[in-house]
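Residues per chain are reported as follows:
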Amino acid sequence: MKVISILGSTGSIGTQTLNIVREYKEEFRVDALAAYSNIDLLEAQVREFKPKIAAIGDASQYKELKRRVGGLTYVAADREGVVEAATAESCDTVVSAIVGIAGLIPTYNAIKTGKNIALANKETLVTAGRIITEEIKKNNVKMIPVDSEHSAIFQCLAKGKQNEVSKIILTASGGPFRNRTLKELENVTVQDALKHPNWSMGRKITIDSATLMNKGLEVIEARWLFDIMPESIEVCVHPQSIIHSAVEFVDGAVIAQLGLPDMKIPIQYALTYPERLPTNGEKLNLTAIGDLTFYEPDMKKFKCLKLAFRALSMGDSACVVLNGANEEAVKLFLSGKISFLAIGDLIEKTLDKHKIISNMSIDEVSALDLWSRKTLTNLYELGCIK
Ligand code: NAD
Ligand code: MG
C-alpha cells in the first residue's frame, strides 16, 4: 500500500487524485492533505479520508478548520503547515498539485525528507529545475510526472536508452484561441479564455493554455525532468489532444502515447508506476476520432511560448522571472485589469529588466520570484501596457 500526501487536495488534480484513492482503497491510503482555502471541501475530505494531518495555507482560516475537524485530525496552517503536510512522516509519496510557485518549497522539503513525488506542479521545475533534480539524486527519490504530456514522454522513453533519444515532441491543443488572428486576440474576454476546448482544469493553467505559456512552462519542465537540451524539444499543435506527446529516437523511430484527454490515466500511472492498474473508464476509440491533425505553433500570435524559449536560453534565473511575471500577469488578467495580449507584453518587459544570476540557492529563487512580481506590478502601474 502506498501512503500519500496530497498538496492542493481541493483543486482539479487534487480532487481527481482522491477519486482514484476512493476507487482503489486497497492500494492507497491518504495520511496528509493540504489546500489554501475552501475549508468546506477540505472538511469533507478529512471526514472521508481520515488523514493524520490537514493543512490550510490561508492562516486566517485555521481557527475555523480546527473547530470543525480538530477532533478528527491534527490541523496545521500557513506555509509551515503545508510543509508539515508535505513531510508527514508516515507518507512515502507526495502528490504535488498546488498551483504556482507556492508548490516549490513544500515539494523541495518533501524530496529532502525522502518522499517520492508525483509531480503536477510544473512551476517547481520551471523555477528550480537544477536544484530539484540535484536533490532528487542526492535523496535517491523518484519524481514521476503527472502532467499528461510528460507522463506520455516518460512512458515513451522506456522504449529506448537516454543516449538514443534525438527529440521530444511535446503536443499542445492550441487552446481556445488557436484559430483567432492576432487582431482578434486584442478583445478576447476572461470568459472566452477560460473555455478550454479539451481539458477542465484550474483557472491559472486554463489561462496559461490560452496564451500557450502552459506549453512554454512544459518545455522547461521537460528540459529538467528528462535532462534534455531545449534544442531537442519541439512543440507541435495537435487540436484533438489524443497524442499526448512523442519521442523520436536516433534511428528515426517515433514512439507516441495516445489516450483520451483525461487526467485520470496520468495521475493514476504516477501513483502506480512501475505497475498499471485496470480501469473501467471510457477507452480510446480511434475510428470514432477519425482525424488527427498537426500544426506548427504560431509564436507571433502566442508570444508567451516564444518568451519561454527565450528564458531557457538566457539561463535558470530568467525562468524564475518568466514564471513569477506570468503568475502576476495572469492574476491581473483574471481580475479584469489588463487585456489578454498584455500578459505577454508585461512578461517580456519584465524579462528585459532581468540580469542573469548564476548558481541560485532555493532562497534566492524565492527572492527573485518576488522581484519579478514587483517589477511586473510596477510596469502595470506605470500604465505603459493596458
Ligand atoms: P487548481 O487551481 O484547481 O488547484 C490548486 C490547489 O492548490 C487548490 O487545492 C488550492 O487550494 C491549492 N493551493 C493554492 N495555493 C496554495 C498555497 N499557497 N498553499 C497551499 N495550497 C495552495 O489547480 P490545478 O488545475 O489542480 O493545477 C495544480 C497544478 O497542476 C498546477 O501546477 C498545474 O499547472 C498542474 N497541472 C494541472 C492539470 C489539470 O488538468 N488541472 C494538468 C497538468 C498539470
Ligand atoms: Mg500538460
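Here goes a summary of the coordinates provided.

## Considering the packing of helix α4 (residues 78–86) against helix α5 (residues 104–112)
1) Next: Packing of α4 against α5 brings their axes to within 8 Å, and their N-to-C directions diverge by 35°. Here the hand of the crossing between α4 and α5 comes out right-handed. Contact residues: V82, V83 and A86 in α4; I105, P106, N109 and A110 in α5.
2) Next: Residue classes in the contact of α4 with α5 are distributed as six nonpolar, one polar and no charged.

## Re the site of ligand 1
1) Next: The environment of ligand 1 is formed by 23 residues, the closest being T10, S12, Y36, E123 and G202.
2) Next: In this structure, G11 approaches ligand 1 through a main-chain N or O atom, which is 3.0 Å from an oxygen atom.
3) Next: For ligand 1, an oxygen atom lies 2.8 Å from a polar atom in the backbone of G202.
4) Next: For ligand 1, whose unbound accessible area comes to 830 Å², protein coverage reaches 87%.
5) Next: At the level of elements, α1 (12–23) and α6 (122–139) are the ones that each hand at least two residues to the shell around ligand 1.
6) Next: Along the lines of polarity and charge, the residues of the shell around ligand 1 split into 12 nonpolar, eight polar and three charged.

## What to know about the pairing of strand β3 (residues 53–56)
1) Next: Side chains I53 and A55 project from β3 onto one buried face, and the interleaved A54 and I56 project onto a second face that is buried too.
2) Next: The pairing of strand β2 (residues 28–35) with β3 spans four bridges and is classified as parallel. By the bridge assignment for β3, L33 is matched with A54.
3) Next: After leaving β2, the chain enters helix α2 (residues 39–49) and then returns to the sheet as β3, a path that is right-handed.
4) Next: Judged from the four bridges that link them, β3 and strand β4 (residues 74–77) form a sheet pairing that is parallel. From the neighbouring strand, I53 faces β4, where its bridge partner is Y74.
5) Next: Regarding topology, helix α3 (residues 62–69) serves as the crossover connection from β3 to the parallel β4, and that connection is right-handed.

## With respect to the pattern of salt bridges
Pairing between side chains of opposite charge can happen when their charged atoms approach one another.
1) Next: Applying the stated rule across the entire model yields 30 salt bridges.
2) Next: Two residues, E327 and R373, come together in a salt bridge whose shortest N-O distance is 2.7 Å. Here R373 lies in helix α17 (residues 362–382) and E327 lies in helix α15 (residues 316–334), a separation of 46 residues in the sequence.
3) Next: Given the relative accessible area of 12%, E327 is considered buried.
4) Next: Its relative accessible area of 12% is what places R373 among the buried residues.

## A closer look at α17
In an α-helix, one turn spans 3.6 residues, which is why side chains three or four residues apart end up on the same side.
1) Next: A rise of 1.5 Å per residue sets the reference length of α17, with its 21 residues, at 30 Å; its end C-alpha atoms lie 31 Å apart and thus fit the reference within 8%.
2) Next: Within the sequence span of α17, burial applies to I362, V365, L368, D369, S372, R373, T375, L376 and L379. Considered in projection along α17, the buried side chains sweep an arc of 160° and stay on one side of the axis. Those residues of α17 that are exposed and angled more than 90 degrees off the buried face are D363, L370, K374, E381 and L382.

## What about the packing of helix α10 (residues 203–211) against α15?
1) Next: Interhelical geometry of α10 versus α15 gives an angle of 95° and a closest axis separation of 10 Å. Relative to α15, the element α10 is oriented roughly perpendicular. Residues R203, K204, I207 and D208 of α10 lie in contact with α15, whose contacting residues are N326, E327, V330, F333 and L334.
2) Next: In terms of residue class, the contact of α10 with α15 is built from four nonpolar, one polar and four charged.

Reading the values: the criteria
- Residues numbered from 1 in each chain as written.
- Chains lettered and ligands numbered in written order.
- Predicted model: local features only at pLDDT ≥ 70, side-chain atom pairs only at ≥ 80, totals over all residues.
- Heavy atoms only, no water.
- Axes fitted to C-alpha atoms, helices over the stretch in contact; angles between N-to-C directions.
- Helix = DSSP H or I, 4+ residues; strand = E, 2+ residues; numbered from the N terminus.
- Left-handed = near helix turned anticlockwise from the far one by under 90°.
- Contact = heavy atoms within 4.5 Å.
- Nonpolar A, V, L, I, M, F, W, Y, C, P; charged D, E, K, R; others polar.
- Near = heavy atom within 4 Å.
- Polar contact = N/O pair within 3.5 Å; in protein donor to acceptor, adjacent residues only side chain to side chain.
- Areas by Shrake-Rupley, 256 points an atom, 1.4 Å probe, with all protein chains shown as cover.
- Buried < 20%, exposed > 50% of the residue type's maximum accessible area, 1.4 Å probe, protein only.
- Pairing = 2+ DSSP bridges.
- Right-handed = clockwise from strand over helix to strand, strands pointing away.
- Salt bridge = Lys/Arg side-chain N within 4 Å of Asp/Glu carboxyl O.
- Expected span 1.5 Å × (residues − 1).
- Arc of directions from axis to C-beta.
- Parallel < 35°, antiparallel > 145°, perpendicular 65-115°, else oblique.

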